[in-house]
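Single-letter residue listing:
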Amino acid sequence: MSRAGLDKNPREVAEMFDGVAKGYDRTNSVMTLGFDRRWREWSRRVLDARAGEKVLDLAAGTAVSTVEYAASGAWCVAADFSIGMLLGGKHRDVPKVAADALKLPFADDVFDAVTVSFGIRNFNDTEAALREMARVVKPGGRLVICEVSTPTFRPFRFVYMRYLLKILPFIGRFVSSNPDAYQYLAESMRTWPDQRSLAEIIAKAGWEDVAWMNLTFGMVALHRATKPQRVDG
Ligand SMILES: C[S@@+](CC[C@H](N)C(=O)[O-])C[C@H]1O[C@@H](n2cnc3c(N)ncnc32)[C@H](O)[C@@H]1O
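Remember, it's a predicted structure, so these values are computed and weren't measured experimentally.

(A) Structural context of the site of the ligand. Every one of the 20 residues lining the ligand counts as a neighbour, but Arg40, Ala59, Asp80, Ala101 and Ser117 are closest to it. Here Arg40 contributes a side-chain N or O atom positioned 2.7 Å from an oxygen atom of the ligand. Contact distances for the ligand include 2.6 Å between an oxygen atom and a side-chain N or O atom of Asp80. The protein chains hide 97% of the 600 Å² of surface that the ligand would expose on its own. Looking at the shell around the ligand residue by residue, the class counts come to twelve nonpolar, five polar and three charged.

Structure, rendered in structure tokens:
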């Protein structure tokens with residue numbers, strides 16, 4: 001079965017996710033020991049979507065987070081370029097759109113908020129995607145990113161980087177239909193920027209008030225930011 005390389009070729013990434021879509025939700029819960037529920041819960045709280053708002057859940061996969069945001073009464077759309085993943089979430093009653101994060105099929109300034117959970121690490125140009133997200137969000141609109149990150153407690157970080165990420169592909173052999181994808185998962189996690197570096201990329205892409213909070217010892221981080229208000233004149 002296919003896996004993407006670290007150049008994150010969009011076709012390879014989409015094919016890889018098509019290949020793991022069946023059973024993705026279950027595998028995800030097993031691999032995270034159920035912590036994914038808590039991380040999604042925190043994302044929902046930080047996003048703070050309200051009735052009447054329009055929210056873009058980008059790289060939404062099976063729309064597992066999208067339905068959680070939609071429970072607030074906001075209009076939430078799940079966008080992803082893996083049709084397999086979107087189909088995997090067909091039982092979830094939210095609008096779904098096939099879309100590439102680097103070329104979104106939406107007009108400028110239409111969403112109140114944009115969010116990405118465990119997706120941005122797979123984009124082949126992080127900064128360009130962040131600029132594209134800023135384009136579709138209204139001035140003053142919000143960005144929330146939930147992504148794996150770098151554990152903050154030094155001894156744990158050592159064990160995590162040295163051992164846990166190494167056994168991930170091995171575990172993938174037992175729980176996934178595409179074990180090679182778990183090799184990619186471990187490699188992409190090891191090479192992903194830490195909390196501060198990602199905050200700098202977000203700011204460089206034009207977002208302001210960038211801040212983050214660590215979840216589960218920093219294994220996951222939630223970054224939030226705001227699109228600057230338009231300056232007249
Ligand atoms: C690990 S899954 C996360 C899915 C979901 N957000 C969740 O929290 O379970 C990553 C998703 O990112 C999507 N993705 C990766 N690169 C993308 C891109 N350039 N445009 C749109 N979706 C992308 C993949 O297709 C996949 O569904």
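Next comes the rest of the description.
(B) Representation of the packing of aromatic side chains within the structure. Following the criterion strictly, the structure yields five aromatic pairs and no others. Through a chain of ring-to-ring contacts, the aromatic side chains of Phe35, Trp39 and Phe118 assemble into a single cluster. Cation over ring: Arg45 sits above Trp42, and NZ or CZ is 4.6 Å from the ring centre.

(C) The arrangement of the pattern of salt bridges in detail. Under the counting rule described, the total for this entry stands at 14 salt bridges. Ionic pairing is found between Asp109 and Lys227, a salt bridge with its closest N-O pair at 2.8 Å. Placement of Asp109 in the loop between strand 3 (96-98) and strand 4 (111-117) and of Lys227 in the segment after strand 7 (220-226) is noted, with a sequence separation of 118 residues between them. On the basis of relative accessible area, Asp109 is assigned to the partly exposed category, the value being 24%. By relative accessible area, Lys227 is classed as buried at 13%. Here the residues in one salt-bridge network are Arg37, Glu41, Arg44, Arg45 and Glu68, joined through shared partners.

(D) Spatial organisation of the environment of Leu143. With respect to the helices and strands, Leu143 occurs in strand 5 (residues 137-148). Apart from the residues lying within four places of it in its own chain, the contact partners of Leu143 are Val114, Leu130, Met133, Ile202, Trp207, His223, Arg224 and Ala225.

(E) Representation of the packing of helix 2 (residues 24-31) against helix 7 (residues 154-175) in the model. It is the contact of helix 2 with helix 7, at a shortest axis distance of 11 Å, that shows an interaxial angle of 135°. By the angle between their directions, the pair helix 2 and helix 7 is classed as oblique. By crossing handedness, the relation of helix 2 to helix 7 is classed as right-handed. In this structure, helix 2 contributes Arg26, Thr27, Val30 and Met31 to the contact, and helix 7 contributes Leu168, Ile171, Gly172 and Val175. Classifying every residue of the contact of helix 2 with helix 7 by side-chain character gives five nonpolar, two polar and one charged.

(F) How the structure looks around unusual backbone geometry. Not every positive phi belongs to a glycine, and Ala59 is a case in point at roughly 55°. Among the secondary structure elements, Ala59 is positioned in the loop between strand 1 (54-58) and helix 4 (64-70). Even without a glycine there, the phi angle at Asp209 is positive, about 55°. On the basis of relative accessibility, which here comes to 53%, the residue Asp209 falls in the exposed class.

(G) Examining the UniProt feature "binding site: S-adenosyl-L-methionine" (unreviewed entry) in the chain more closely. When the UniProt feature table is mapped to this numbering, "binding site: S-adenosyl-L-methionine" (unreviewed entry) covers Thr62, Asp80, Asp100, Ala101 and Ser117. Mapped onto the elements, Asp80 comes out in strand 2 (residues 75-80). The class for Asp80 is buried, based on a relative accessible area of 9%. Within polar-contact distance, the side chain of Asp80 engages the backbone nitrogen of Gly61 at 2.8 Å. Topologically, Ser117 is positioned in strand 4.

(H) Local environment of the sheet that holds strand 5. In space, the seven strands of this open sheet follow the order 3-2-1-4-5-7-6, with mixed pairing throughout. One side of each edge strand has no neighbouring strand; the edge strands of this open sheet are strand 3 and strand 6 (208-215). Averaged over all adjacent pairs, the angle separating strand axes in this sheet is 20°, with direction ignored. For strand 6 and strand 7, the ladder comprises six bridges, and the chain directions are antiparallel. Its bridge partner being in strand 7, Glu208 is matched across the sheet by Thr226. Here helix 6 (residues 126-136) sits on the sheet in contact with strand 1, strand 4 and strand 5, set at roughly 140° to strand 5. Against the sheet, helix 9 (residues 195-204) contacts strand 5, strand 6 and strand 7, and its axis sits at roughly 155° relative to strand 6.

The rules behind the values
- Residues numbered from 1 in each chain as written.
- Predicted model: local features only at pLDDT ≥ 70, side-chain atom pairs only at ≥ 80, totals over all residues.
- Heavy atoms only, no water.
- Near = heavy atom within 4 Å.
- Polar contact = N/O pair within 3.5 Å; in protein donor to acceptor, adjacent residues only side chain to side chain.
- Areas by Shrake-Rupley, 256 points an atom, 1.4 Å probe, with all protein chains shown as cover.
- Nonpolar A, V, L, I, M, F, W, Y, C, P; charged D, E, K, R; others polar.
- Phe/Tyr/Trp six-rings, centres within 6.5 Å; stacked < 30°, edge-to-face > 60°.
- Lys NZ or Arg CZ within 6 Å of the ring centre and 35° of its normal.
- Salt bridge = Lys/Arg side-chain N within 4 Å of Asp/Glu carboxyl O.
- Helix = DSSP H or I, 4+ residues; strand = E, 2+ residues; numbered from the N terminus.
- Buried < 20%, exposed > 50% of the residue type's maximum accessible area, 1.4 Å probe, protein only.
- Contact = heavy atoms within 4.5 Å.
- Axes fitted to C-alpha atoms, helices over the stretch in contact; angles between N-to-C directions.
- Parallel < 35°, antiparallel > 145°, perpendicular 65-115°, else oblique.
- Left-handed = near helix turned anticlockwise from the far one by under 90°.
- UniProt positions renumbered as here; feature names shortened; annotations may be inferred.
- Pairing = 2+ DSSP bridges.

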